[in-house]
Amino acid sequence: MPRSRRRTGGSEGGGGGGGGTGVSGTYVAPGGGTKSDLLRLSDSLNLPYDAVHAVMNCQGQGVASRSGRRSAAREDEAAAAATADPAMMGVWGDFMNEEMGAPAPAPASAAPAPAASSEPASTSPAAAPSSSAPSSSEEGPREYALPVRPRMRLSNGKKKANDDDDDDVPAPGLLAQTGTLDASVPGRSAPSGSPKPHELWAPTLLLPSVFSKIKISLVATSPTSCHSVAIATNGAAYGWGRNETGQLGLGSASAVVPLPTRLSVGGEESLKFVGAAVGKHHTVLVGENGNAYASGGNVFGQLGINNSGAEKIDKFRKCVVIGQIASNDDEGEEGEGKGVVTIVQATCGENVSALLSSAGHLYTAGASEFGQLGNGETGEHIVTAGKLGFANCAKFVRRSTFVQSDADAAGGLESGKMTGAGVDSSGRVKTGSLLDASRICLSRISAGKNHFVAIEAPAAEGTSHVPRVFSWGSGDYGCLGHGIQADEYTPRLVRAYRGPIFANNHPVDVSAGSNCTLVHTKNGHVYYVGKHKQAGEATMRPALIDALANNGHVVTTCGAGNQTVVCSTKNGVTVSWGHGSHGELGFGADGGKSSSKPKFVNGLDSCLVTSVACGYGHTLFVVRDDDEEDAKALKKVPKVEAEDVSEFVKEVKGRKADAGADEPAKKKFKGKGKK
């Protein structure tokens, strides 16, 4: 078992309660529970009110039928007595404080007078309003902590107002990779029979002679990409991996760029970068100036350069963001009237891209086949006989519509069946716009192969709300978290993250794999939905990764790839599971290529991993190197310098790029057991 490690900053605990309205009304459950309490619990557990009421009042003795040994009158008398029992009054209060974030009711020796109730006495549980129905506090306008900032900080960047509060920004460190450096191999051929220097079967420090002097702040890759980008604390961007469509922006296409190589924008060579994202055939960089730049394949308009005729470009060009005129303000103040849109974050799916602005606004460009643009449609149309086309978008347009299903608005969730009143004539789940849709701001966004997941921005100082989670795009294997395999064409509220259990443990980060999603919470828990393993059933609703939570592991960073999931904890423990034929799980040459359950990555034992990114055939880590204990842990981690792979570097220079690499995505199969 890996040893315990210290970690400065951040509290593991859940913190204080989340404000909200007080608990009032007639006590109807032991411990001082009111009807509104039971309604909220009913909504969280997805159980009828009557069932929750019966369970709470049976006090662990089971729910007997009316025809049993107790008469109805005696049951009611016993329930009433338990409800008003002074010895039990603190029980419900403790539960409300710890799990639901609501103030505890004041202890009393008797039930409160009817006048204190906020509900009419004649209201039955069935007629009571659902706690999940839209209200001014739940779905109405919110106050956000803005501006949204990049996911890294420049070491010599200009000091900004909120830079002292950077607990959510990963610490910089050394760059490590597990998986092959030969990016032309994944998905095309098997690894060599005997390990070669460029095949990294365990986490290995890349060019430590370079990156020990200039630490890495951000790493970017994606479930469908065989190339990567790393950004140093000085704002320098480095790219390596597959470059067959010029996705690294080096001015020409090539089979492979074997080692990290400096990237730049023509005419702005001194520009510093604060963000990056990669798709299957393209790359997006975010500059310190608030602009985005893209290079690579553009068959679907995923570069967002407003030129759908250019199928690929091999140099970085400025992205076209609708509404962006200038972005030179220190704080990146943004608004339609001001004409200022400051881009701070980016993420890329296979053939689609998304940008996040400092105002928390979402912009997308690229493929629309699965609704991943979030504009409410795919634009499917017939091009020629037997060929379908879709309304792809070649420039970044703001998406400001956020919805929830009719069933969620009424307080329930869909059954697994695509029938009934909650489904329209075309078989899609009925949805309606949230009351505050146009004012919703996001703080995190992540793309899988063909889907997106985003987290709402946190509350402004002096206000309180639990950030909501939204998802849209391809719903394969239930990866959107709605409990069904159905595409969503508009960002839709994921109701599973709205229960009381998240009041003091709300989502703070998200990572999307090819067909799965990880949601990381404040207390270091990770919830999983979808499927990334070759065998087994899909997880159709978000589920806690209990192998970590039940053993006291507090996760600080996580990532999902093509068929891999990796999590690292505050105590220097890294685990991974799934399938990695090229060593992307990091178990070593003799450690196996797959695992059905979380398994220790022994090569990173006691190393504090601050960031992780999972690609196709490789996984990237940023490993902290701040003190003597970090240095001691890093001594056992293998290293690779340029001279160690000189033969491989020489060999790949003679390869030719695959001219047919950027092929359109195939139309997915809608039936059961799709791959």
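As the structure is a computational prediction, the values presented were derived from the model and not from experiment.

What counts and how
Residues numbered from 1 in each chain as written. Predicted model: local features only at pLDDT ≥ 70, side-chain atom pairs only at ≥ 80, totals over all residues. Heavy atoms only, no water. Helix = DSSP H or I, 4+ residues; strand = E, 2+ residues; numbered from the N terminus. Buried < 20%, exposed > 50% of the residue type's maximum accessible area, 1.4 Å probe, protein only. Contact = heavy atoms within 4.5 Å. Areas by Shrake-Rupley, 256 points an atom, 1.4 Å probe, with all protein chains shown as cover. Core = buried A, V, L, I, M, F, W, Y, C linked by side-chain atoms within 4.5 Å. pLDDT = per-residue confidence, 0-100. Pairing = 2+ DSSP bridges. Phe/Tyr/Trp six-rings, centres within 6.5 Å; stacked < 30°, edge-to-face > 60°. 1 Å grid on protein atoms, 1.4 Å probe; cavity = no way out; pocket = protein on both sides within 12 Å on 5 of 7 lines; lining within 4 Å. Points joined across faces, edges and corners; volume = space filled by probe spheres on them. Nonpolar A, V, L, I, M, F, W, Y, C, P; charged D, E, K, R; others polar. Axes fitted to C-alpha atoms, helices over the stretch in contact; angles between N-to-C directions. Salt bridge = Lys/Arg side-chain N within 4 Å of Asp/Glu carboxyl O. Polar contact = N/O pair within 3.5 Å; in protein donor to acceptor, adjacent residues only side chain to side chain.

Next up on the list: the overall build of the protein. Within the protein, the regular secondary structure consists of nine helices and 35 strands. Residues classed as buried in the protein amount to 53% of the 675 residues present. A fraction of 62% describes how many contacts in the protein between residues 6 or more apart in sequence connect residues 24 or more apart. Of the roughly 28200 Å² of accessible surface on the protein, 51% is carried by carbon and sulfur atoms.

Our next topic: the environment of Val453. Relative to the helices and strands, Val453 is located in strand 22 (residues 451-456). Classification of Val453 as buried rests on a relative accessible area of 2%. Spatially, the C-alpha atoms of Val453 and Gly473 are 9.0 Å apart, while their sequence positions differ by 20 residues. Once residues within four sequence positions are removed from consideration, Val453 is found in contact with Arg444, Ile445, Ser446, Val469, Phe470, Ser471, Val510 and Thr517.

So, on to the nonpolar core. Grouped together as the largest cluster of nonpolar side chains are 60 residues, with contacts concentrated most on Leu175, Ile216, Val219, Ile231, Trp240 and Leu355. Of all the elements, strand 9 (residues 273-278) adds the most residues to this core, at five residues. Sequence-distant contacts of Leu175, defined by excluding residues within four places in its chain, comprise Thr204, Leu205, Leu206, Phe211, Ile216, Val219, Ala230, Trp240, Pro260 and Phe621. Of all hydrophobic cores here, the second largest spans 23 residues; its members include Cys393, Ala447, Phe452 and Ala454.

Once that is clear, we can look at the confidence of the model for the protein. When pLDDT is averaged across the protein, the result is 81; 72% of the residues are at 70 or more. Long-range and interchain partners of residues 1-25, a stretch whose pLDDT sits below 50, account for 64 contacts in this model, where long-range means more than four residues apart. Long-range and interchain partners of residues 413-419, a stretch whose pLDDT sits below 50, account for 18 contacts in this model, where long-range means more than four residues apart.

This part covers the pairing of strand 34 (residues 618-623). Successive residues of a regular strand alternate their side chains across the two faces of the sheet. Taking burial as the measure, the six residues of strand 34 include six buried ones, the bulk of the element. Side chains of strand 34 alternate between two faces, with His618, Leu620 and Val622 and Thr619, Phe621 and Val623 buried alike. Pairing geometry for strand 3 (residues 174-180) and strand 34, over six bridges, is antiparallel. Each residue of the ladder has a partner; that of Ala176, found in strand 34, is Phe621. The pairing of strand 33 (residues 609-614) with strand 34 spans five bridges and is antiparallel. Across the sheet, the residue bridging to Val612 is Phe621, located in strand 34. The turn joining strand 33 and strand 34, which pair antiparallel and follow one another in sequence, is formed by three residues; a positive phi near 90° is taken by Gly617.

Looking now at the packing of aromatic side chains. The full count for this structure, using the stated rule, is six aromatic pairs. On the basis of an interplanar angle of 90° and a centroid distance of 6.3 Å, the ring pair of Tyr497 and Tyr527 is categorised as edge-to-face. Of this pair, Tyr497 sits in the loop between strand 24 (488-493) and strand 25 (507-512) while Tyr527 sits in strand 27 (residues 526-530), and the two are 30 residues apart along the sequence. A relative accessible area of 3% places Tyr497 in the buried class.

Overall, the coordinates contain seven cavities of 30 Å³ or more when judged by the stated rule. Lining the largest cavity we find Gln177, Thr180, Leu181, Ala183, Pro186, Cys226, Ser228, Trp240, Gly241, Tyr616, Gly617 and His618. Those elements that place two or more of their residues in the lining of the largest cavity are strand 3 and strand 7 (237-243). Taken together, the residues of the lining of the largest cavity sort by class into six nonpolar, six polar and no charged.

Of the consecutive residues Leu146 and Pro147, the connecting peptide bond is found in the cis state with omega at 5°. Structurally, Pro147 is set in the loop between helix 4 (89-100) and strand 3. Unusually for a residue other than glycine, Asn306 sits at a positive phi of about 60°. For Asn306, a relative accessible area of 45% puts it in the partly exposed group. Phi is positive for Ser606, close to 75°, though the residue is something other than glycine. Relative to the assigned elements, Ser606 resides in the loop between strand 32 (594-600) and strand 33. Its relative accessible area of 5% is what places Ser606 among the buried residues.

We now examine the sheet that holds strand 14 (residues 352-357). Pairing is antiparallel in the open sheet, where four strands are placed in the order 13-14-15-18. On the outer flanks of this sheet lie strand 13 (343-348) and strand 18 (393-399), each paired with one strand and no other. Here the strands of the sheet are splayed against their neighbours by 20° on average, with no regard to which way each runs. Pairing analysis gives five bridges linking strand 13 to strand 14, with the strands arranged antiparallel. Each residue of the ladder has a partner; that of Ile343, found in strand 14, is Ser357.

Our focus in this paragraph is the pattern of salt bridges. Following the criterion strictly, the structure yields 14 salt bridges and no others. A salt bridge links Arg142 to Glu456, with the nearest nitrogen and oxygen atoms 2.9 Å apart. With Arg142 in the loop between helix 4 and strand 3 and Glu456 in strand 22, this residue pair connects regions lying 314 residues apart in the sequence. The buried category is assigned to Arg142, whose relative accessible area is 6%. Residue class for Glu456 comes out buried when judged on its relative accessible area of 1%. We note a salt bridge from Glu244 to Arg188, for which the minimum N-O separation is 2.8 Å. Of this pair, Glu244 sits in the loop between strand 7 and strand 8 (254-263) while Arg188 sits in the loop between strand 3 and strand 4 (199-206), placing them 56 residues apart in sequence. For Glu244, a relative accessible area of 4% gives the class buried. Where salt bridges share partners, they join Lys215, Arg624, Asp626, Asp627 and Asp630 into one cluster.

Within the open sheet, the five strands sit side by side as 33-34-3-4-35. Their pairing is mixed. The two strands at the open ends of the sheet, each matched to only one other strand, are strand 33 and strand 35 (639-640). Of the strand pairs in this sheet, strand 4 and strand 35 are connected by two bridges, and their pairing is parallel. Within the sheet, the bridge partner assigned to Leu205 lies in strand 35 and is Lys639.

A few words on the side chain of Thr221. Within the secondary structure, Thr221 sits in the loop between strand 5 (216-220) and strand 6 (227-232). Engagement of the side chain of Thr221 in a polar contact is seen with the backbone oxygen of His227, the distance being 3.1 Å. In terms of polar contacts, Thr221 uses its side chain to reach the side chain of His618, at 3.2 Å.

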